[in-house]
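# Summary of structural features
Each chain, written out:
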Amino acid sequence: TVFPLFFFMVAALVCMTTMTRMVDEQRTQIGVLKAMGYTRGAIMGKFVFYSGSAATIGSIIGFFFGSTVFPKVIWMAYSLMYGFAEIELVFDWGMGALALGAALLCSVGATWFSVRRELNVTPAELLRPAAPKAGKRILLERIRPLWRRLSFMHKLTVRNIFRYKKRLVMMIIGIGGCTALLVTGLGIRDSISDVVNYQFDEITLYDVSVTFIDAQDEAAQEAFRAAAGEDAQSLFVHESTVDASAGGTTKSVYLVATQAESLDGFIDMHMDEEPVAMPGEGEAVISQGLAETLGVQVGDTITVRDSDMNPAQLTISGVFENYIYNYVFARPETMEAEWGYAPEVKSAYVAVTGDADPRAVAAELSALDGVGNVSANIDMRDRVNSMMESLDYIVMLVVFSAGTLAFIVLYNLTNINITERTREIATVKVLGFFPRETASYVFSENFLLCFISALAGLPLGKALHAFVMSQIRIDMIRFDVRVSLLSYGLAVVLTFAFAILVNFALRFKLEKINMAESLKTVE
């Protein structure tokens, strides 16, 4: 819901800018039509028909293209994970009508307001070109030490940017919005595709999980450690599935109870890089996803029920970051006091040391007497990573769409800039500017505006990404809200790459400007 809305807002901005500029270009023609006796309605109808037909054709093409290509790409991505059947396309005619209505409102509305403003002017005034924007001193000029160090071309660039404030605002909104979409798309990949890496690199440090057939007393634990060898360090725990509830919400979670005073080397419990202490008697440490679901925090109380529905009231002493599954950590004596029986120790976490292969260690452990099940974390890591690779298709789709939109915004605004300033550009060419200097005179503004827009788009993208991630709710997985520095850098680089493409495409237009004809346009 968020992405199409955001895309449409930027596209509407481009459409409104284009139509407003088109009316400004036709100012003289409107004056001629008024002088010849055409009615206001006839003149208005000419422009409304043009903008309305463009919006209608674009909406129809976009509706059928978007209803076929985009679903197929997303369906293909998820089919890699779940093996879906063939997709059956369904056209949402109501949504198409809504999109068409919104497009007509933006294009026809902008045209109506622009033409109405021109129609209120007398024909004599319309037949004369509008006065050029007046140049003004800018704030930077008052900072004398900095202003004196700027070159002549840099001074021209800065002055022109603030001379055309409407274009400045349009560029910041348009390109900033596209940069925000790029950050969001790349950030979704950072948050989702790397969640398994965050889990097993930063939190779950053990390599193998072992489940035993019978409860393990101290003698059995020592025998297992001896059989596992020096390459495997073991932590014995009670692990079971329980129901945790608070405030009317109940979730199925894993209860882990251990006598160990520290989980170092096996599980790193932390929150915002601050370590979380082991729980005391009557206390529990819970995962962040569970805390958010139940709406609890440190100091609150949760109820934990075993398979026989025996309740245990536990006070939350800490909350730790965790992404895969939800956990409650407590002391065995706490559970024994609450439930009336000691929880059985039938699981062990094994951390592989040295250069030993976790898969090989898991195979050796599975052959030991009394072992019921062995699971290597690296296998789960590989499975989830292969599933998440399909997300790249969706991210590429978002990035491609945002990039295309950025290109259109840049091309449109730059083309308008050149058209508005044809006589000005012809003047500097007459004054002796070389082709490279003329191009720099116009296009350096693009690069500076892109830089300003990208800086504005980065925090907007971070906020949009955080909102999108807050809407992704999966019961057993919690996605982190993080965007890597590489993604920020890539969003900015892509924005500048599109600016370079636009400048290259429009450089030929600058070279084709006829100096004599441009300077005679007023006559």
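Presented here is an overview of the structure given in this document.

Thresholds, definitions, all that
Residues numbered from 1 in each chain as written. Predicted model: local features only at pLDDT ≥ 70, side-chain atom pairs only at ≥ 80, totals over all residues. Heavy atoms only, no water. Axes fitted to C-alpha atoms, helices over the stretch in contact; angles between N-to-C directions. Helix = DSSP H or I, 4+ residues; strand = E, 2+ residues; numbered from the N terminus. Parallel < 35°, antiparallel > 145°, perpendicular 65-115°, else oblique. Left-handed = near helix turned anticlockwise from the far one by under 90°. Nonpolar A, V, L, I, M, F, W, Y, C, P; charged D, E, K, R; others polar. Salt bridge = Lys/Arg side-chain N within 4 Å of Asp/Glu carboxyl O. Buried < 20%, exposed > 50% of the residue type's maximum accessible area, 1.4 Å probe, protein only. Contact = heavy atoms within 4.5 Å. Disulfide = S-S within 2.5 Å. Polar contact = N/O pair within 3.5 Å; in protein donor to acceptor, adjacent residues only side chain to side chain. Patch = residues over 30% accessible without salt bridge, like charges linked within 9 Å, V, L, I, M, F, W, Y side chains within 5 Å. Areas by Shrake-Rupley, 256 points an atom, 1.4 Å probe, with all protein chains shown as cover. Lys, Arg positive; Asp, Glu negative; His and termini not counted. Charge placed at Lys NZ, Arg CZ, Asp CG, Glu CD. Core = buried A, V, L, I, M, F, W, Y, C linked by side-chain atoms within 4.5 Å. Pairing = 2+ DSSP bridges. Arc of directions from axis to C-beta.

### Concerning the packing of helix H8 (residues 165-193) against helix H17 (residues 435-471)
At their nearest, the axes of H8 and H17 sit 5 Å apart, and the two run at 45° to each other. With respect to H17, the axis of H8 lies oblique. Where H8 crosses over H17, the two elements pack in a sense that is right-handed. Of the residues in the contact of H8 with H17, the class split is 18 nonpolar, 10 polar and 3 charged.

### Some details on the pattern of salt bridges
The full count for this structure, using the stated rule, is 10 salt bridges. One salt bridge in this structure joins arginine 117 and aspartate 24, with 3.4 Å as the shortest N-O distance. Of the two residues, arginine 117 sits in helix H4 (residues 93-119) while aspartate 24 sits in helix H1 (residues 2-25), which places them 93 residues apart along the sequence. Arginine 117 sits in the partly exposed class, given a relative accessible area of 44%. Under the relative-accessibility criterion, aspartate 24 is labelled partly exposed at 26%. In this structure, a network of salt bridges that share partners links the residues Asp24, Arg27, Arg117 and Glu118.

### What to know about the packing of helix H16 (residues 422-430) against H17
In contact at an axis separation of 10 Å, H16 and H17 are set at 145° when each is read in the N-to-C sense. Here H16 and H17 pass one another in a crossing that is right-handed. Taken together, the residues of H17 that come into contact with H16 (itself represented by Glu424, Ile425, Val428 and Lys429) are Thr438, Tyr441 and Val442. Broken down by class, the residue content of the contact of H16 with H17 amounts to 4 nonpolar, 1 polar and 2 charged.

### Side note on the state of the cysteines
In total, this model carries 0 disulfides according to the counting rule given. With no disulfide partner, cysteine 106 has as its closest neighbouring cysteine sulfur the one in cysteine 15, 6.7 Å distant. The cysteine cysteine 450 is free of any disulfide, with cysteine 178 supplying the nearest cysteine sulfur at 10 Å.

### As for the side chain of asparagine 326
When you line up the elements, asparagine 326 lands in the loop between strand E8 (311-320) and strand E9 (327-330). In this structure the side chain of asparagine 326 is engaged in a polar contact, spanning 3.3 Å, whose partner is the backbone nitrogen of leucine 290.

### A short note on unusual backbone geometry
A positive phi angle, close to 70°, is found at glutamate 273, a residue other than glycine. With respect to the element layout, glutamate 273 can be found in the loop between strand E4 (270-271) and strand E5 (274-275). Even without being glycine, methionine 309 reaches a positive phi, approximately 65°. Accessibility expressed as a relative area gives 48% for methionine 309, which makes it partly exposed.

### Structural notes on a negative patch on the surface
A contiguous patch of negative charge, built from Glu230, Asp231, Asp355 and Glu364, is present on the exposed surface. Among the secondary structure elements, glutamate 364 is positioned in helix H13 (residues 358-366). For glutamate 364, a relative accessible area of 52% puts it in the exposed group.

### Looking at the environment of glycine 96
Relative to the helices and strands, glycine 96 is located in helix H4. Measuring from C-alpha to C-alpha, the distance between glycine 96 and serine 59 comes to 7.8 Å, with 37 residues separating the pair along the chain.

### Considering the environment of serine 347
With respect to the helices and strands, the residue serine 347 is situated in strand E10 (residues 347-352). In sequence terms serine 347 and asparagine 373 are 26 residues apart; their C-alpha atoms lie 9.5 Å from each other. Apart from the residues lying within four places of it in its own chain, the contact partners of serine 347 are Val210, Thr211, Phe212, Leu235, Phe236, Val237 and Glu239.

### Considerations on the nonpolar core
Across soluble globular proteins, you tend to see nonpolar side chains buried next to one another. Grouped together as the largest cluster of nonpolar side chains are 104 residues, with contacts concentrated most on Met269, Ile286, Ile302, Val328 and Phe329. What phenylalanine 329 contacts, discounting residues up to four positions off in sequence, is Val256, Leu263, Ile267, Met269, Pro279, Glu283, Ala284, Val285 and Phe320. By size, the runner-up hydrophobic cluster in this structure holds 15 residues, among which are Ala232, Val352, Ala362 and Val371.

### Points about the pairing of E8
Pairing between strand E6 (residues 283-287) and E8: 5 bridges, direction parallel. Looking at the pairing, glutamate 283 lines up with threonine 315 of E8. Across 5 bridges, strand E7 (residues 301-305) lies against E8 in antiparallel orientation. Opposite arginine 305, over in E8, you have proline 311 as the bridge partner. Linkage of E7 to E8, two consecutive antiparallel strands, is achieved through a turn of 5 residues, within which methionine 309 is found at a positive phi near 65°.

### A closer look at helix H10 (residues 218-228)
Of all the positions in H10, only Gln221, Phe224 and Ala228 are classed as buried. The buried residues of H10 all sit within an arc of 60° when viewed along its axis, so they share a single face. Seen from the open side of H10, the exposed residues pointing more than 90 degrees away from its buried face are Glu218, Ala219, Glu222 and Ala226. For H10, the elements touching its buried residues are strand E1 (208-212), strand E2 (232-246), E10, H13 and strand E11 (371-376). Just downstream of H10, glycine 229 is the residue with a positive phi angle, here 90°.

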